Amino acid sequence: MINVTKTYLPDKKKYQSYVDSIFESGWITNNGSLVNQLEKELCAYLNVEHLLLVSNGTLALQIAFKALGLNGEVVTTPFSFVATTGSLVWEHLTPVFADINPDTYNIDVQKVKRMITKKTSAVLPVHVFGNACEVEELELICKEHDLKLIFDAAHAFDVKNDLRNVLNYGDASTLSFHATKIFHTIEGGAIVFKRKEDYDKARLLINFGISGYDQVDTVGINCKMNEFQAAMGLAVLSEMSEIIERRSKVWIRYFDQFKSFRDIQLQKMNSDFSNNHAYFPVVFKDEETTLRIKKILNEQQIFPRRYFYPSLNKLNYLNEYQPCPVSEDIVTRILCLPMYGDLEASVQDQIIEIVCNNLK
Ligand SMILES: *Cc1c(COP(=O)(O)O)cnc(C)c1O
């Protein structure tokens, strides 16, 4: 069975040596030494400061909203994983959807401007499939309207321009280290803050608001990463450059085959930033073609995913329907093809052949 992604398992001995150190110390959670080591190594690898590890990428979003004091309305994208909207609603914030650009699949900056009201406190874009948003334009808009800017960077591990990592834009960026993401800690996530004071505040929030012995400063919750998660992270991180190298070969093989087909639309990537080759989305000319190709692949035990479906503005728990025609159209025509480092070339060629032979 070939799925859209495959969890990367690092060298078992390497993982075990970290686990051995946990058994020796007897310290398995609560800001342990492996969590601290992983925080340091990630800061160095990603070239960021103020990175806080948390238990998953959804709570990373929720903690970022709290630490930055969001309220009222948040302008966000309808084209993302459900956690982007779900985390807002869970925190009693109102998602206001700005439709996406039909080529990049990222939030349309001009539409963001139009959705800002007196109640808006923040903008929450997503670097969809690792494709960096128009970060500078978004920073300008948020500065002009005195709004917080948080990027859901769950797909954007190791995406950078000539100067800096994409995580350094905005007031905060959140990462997911779920097993299906390119870098993972089984379950896990992180928040990268621009300002040290926001990082300090979030550090309290993830540990019940406890600031010291017998001292509670604020209402908090529990979303600490544990030592076993950090052990997996350290083992995977030590192999990261090979992981990305292998993924890029698979990505390029798809790209070279599909680029000349007029009936296959490929994501337009932001050329100022690097590509982490996290996903390979293809958009077909209509839903019928999309579902037909999906069915034929499924018959061969190959399971691409309709990422993302449904368009988030159509979630049944939202109060009112806010139309987003571009996103609603793309979700009916998109498939993410199997994309991971050790996808066999022969299987990949089979996928390419099925796609190309069934466009009409
Ligand atoms: C995976 C993902 C999340 C949620 O992360 P978890 O670690 O699974 O909680 C949030 N946003 C996006 C865009 C994601 O892809």
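Going by the annotation in an unreviewed UniProt entry, the name recorded for the protein is dTDP-4-amino-4,6-dideoxy-D-glucose transaminase, with bioreactor metagenome given as the source organism.

K.L.:
Break down the sheet that holds strand β2 (residues 51–54) for me, citing the residues and quoting the values.
P.N.:
Taken together, seven strands build an open sheet; the order of strands is β2-β8-β7-β6-β5-β3-β4 and the sheet is mixed. Only two strands of the sheet have a single partner each, and these edge strands are β2 and β4 (94–97). Neighbour-to-neighbour, the strand axes of this sheet turn through a mean angle of 25°, independent of strand direction. Across the sheet, helix α3 (residues 57–67) is in contact with β2, β5 (120–124), β6 (148–152), β7 (172–176) and β8 (189–193); its angle to β8 comes to roughly 30°. Against the sheet, helix α6 (residues 135–144) contacts β5 and β6, and its axis sits at roughly 150° relative to β6.

K.L.:
Quick one: what's the story with the site of the ligand, residue by residue and with numbers?
P.N.:
By nearness alone, 14 residues border the ligand, and G57, T58, H155, S176 and K181 come closest of all. Residue S176 places a side-chain N or O atom 2.7 Å away from an oxygen atom belonging to the ligand. Mapped by element, the contributors of at least two residues to the shell around the ligand are α3 and α4 (83–90). Of the residues contributing to the shell around the ligand, the split by class is three nonpolar, nine polar and two charged.

K.L.:
Go over the packing of aromatic side chains, please, and point to the residues and values.
P.N.:
Inspection of every chain in the model, using the stated rule, returns 18 aromatic pairs. Here the aromatic rings of F157 and F177 are separated by 6.2 Å at their centres, their planes lie at 85°, and the arrangement is edge-to-face. Residue F157 is found in the loop between β6 and β7, and its partner F177 is found in the loop between β7 and β8; the two are separated by 20 residues along the sequence. With respect to burial, F157 and F177 carry one shared label: buried. Their ring planes at 15° and their centres at 5.3 Å tell us that W251 and F255 sit as a pair that is stacked. Linking W251 with F255, this pair stays in helix α9 (residues 240–258), spanning four residues, or about one helical turn. Since its relative accessible area comes to 12%, W251 is described here as buried. F255 gets classed as partly exposed once you look at its relative accessible area, which sits at 30%. Through a chain of ring-to-ring contacts, three or more aromatic side chains come together here, namely F79, Y105, F129, Y279, Y307 and F308. Here the guanidinium or amino end of K181 rests over the ring plane of F81, the centre of that ring lying 5.9 Å away.

K.L.:
Give me helix α12 (residues 345–357): which residues, what numbers.
P.N.:
If you check α12, its first and last C-alpha atoms are 18 Å apart, about what 13 residues at 1.5 Å a residue would give, namely 18 Å. Listed in full, the buried residues belonging to α12 are V347, Q348, I351, I352, I354, V355 and C356. Looking at the buried positions of α12, the neighbouring elements they touch are β1 (2–3), α9, α10 (287–299), β13 (302–303) and β14 (334–337).

K.L.:
Lay out a nonpolar patch on the surface in plain terms, naming residues and giving numbers.
P.N.:
A grouping of F81, V82 and Y317 is seen on the molecular surface, where their side chains present a nonpolar patch of about 270 Å² in accessible area. Turning to its location among the elements, Y317 is positioned in the loop between β13 and α11 (325–333).

K.L.:
If you had to explain the sheet that holds strand β12 (residues 280–283) to someone new, which residues and values would you point to?
P.N.:
Overall, antiparallel pairing links the three strands, which are arranged β11-β12-β14 in an open sheet. Of all the strands in the sheet, just β11 (265–266) and β14 have a single pairing partner and so form its edges. With two bridges joining them, β11 and β12 adopt antiparallel strand pairing. In the strand pairing of β12, L266 is matched with V282.

K.L.:
Lay out the pattern of salt bridges in plain terms, naming residues and giving numbers.
P.N.:
Tallied over the entire structure, the rule returns 18 salt bridges. When the shortest N-O distance is used, the salt bridge between K259 and D256 registers 3.4 Å. A salt bridge links D329 to R333; its shortest N-O distance comes to 2.7 Å. Placement of the pair is D329 and R333 together in helix α11, with a separation of four residues, close to one helical turn. A residue is classified by how much of its surface remains accessible, and D329, at 34% relative accessible area, is partly exposed.

Cut-off values and rules
- Numbering of residues starts from 1 in each chain and follows the order in which that chain's sequence is written.
- Only residues with pLDDT of 70 or above have their local features reported here, since the model is predicted, and side-chain atom pairs are shown and tallied only from 80 upward, although totals for entire chains, interfaces and linings are computed over all residues.
- Only hydrogens and water are set aside; all other atoms, that is, all heavy atoms of the structure, feed into the side-chain values.
- Each pair of strands is called paired provided DSSP finds at least two bridges between the two strands.
- Counting from the N terminus, the helices are DSSP H or I runs at least four residues long and the strands are E runs at least two residues long.
- Helix axes use the C-alpha atoms of the stretch in contact, all axes being lines fitted to C-alpha atoms, and the angles between their N-to-C directions lie in the range 0 to 180 degrees.
- Residue contacts are counted whenever heavy atoms from the two residues lie within 4.5 Å of one another.
- Here, proximity means that at least one heavy atom of the residue falls within 4 Å of the molecule or strand.
- Under this definition, polar contacts are N or O atom pairs within 3.5 Å; protein pairs additionally need one hydrogen-donor-capable and one acceptor-capable atom, and for neighbouring residues in sequence, both atoms have to be side-chain atoms.
- Polarity classes work like this: nonpolar for Ala, Val, Leu, Ile, Met, Phe, Trp, Tyr, Cys and Pro, charged for Asp, Glu, Lys and Arg, and polar for all others, with Gly in that last group.
- We call Phe, Tyr and Trp rings a pair once their centres come within 6.5 Å, taking the six-membered ring for Trp, and we label the pair stacked below 30 degrees between planes, edge-to-face above 60, and tilted otherwise.
- Burial classification: accessible surface area is computed with a 1.4 Å probe over protein chains only, and a residue below 20% of its type maximum counts as buried, one above 50% as exposed, and the rest as partly exposed.
- Placement of a charge over a ring requires the Lys NZ or Arg CZ to be within 6 Å of the ring centre, with the centre-to-atom vector within 35 degrees of the ring normal.
- Take the residue count of a helix, subtract one, and multiply by 1.5 Å to get its expected span.
- Patch membership needs two things, relative accessible area over 30% and no salt bridge, and members are linked within 9 Å if like-charged or within 5 Å if nonpolar (Val, Leu, Ile, Met, Phe, Trp, Tyr).
- All accessible-area figures derive from a Shrake-Rupley calculation using a 1.4 Å probe, and residue coverage is judged against the displayed protein chains alone.
- Note on definitions: salt bridges are taken to be side-chain nitrogens of Lys or Arg within 4 Å of carboxyl oxygens of Asp or Glu.

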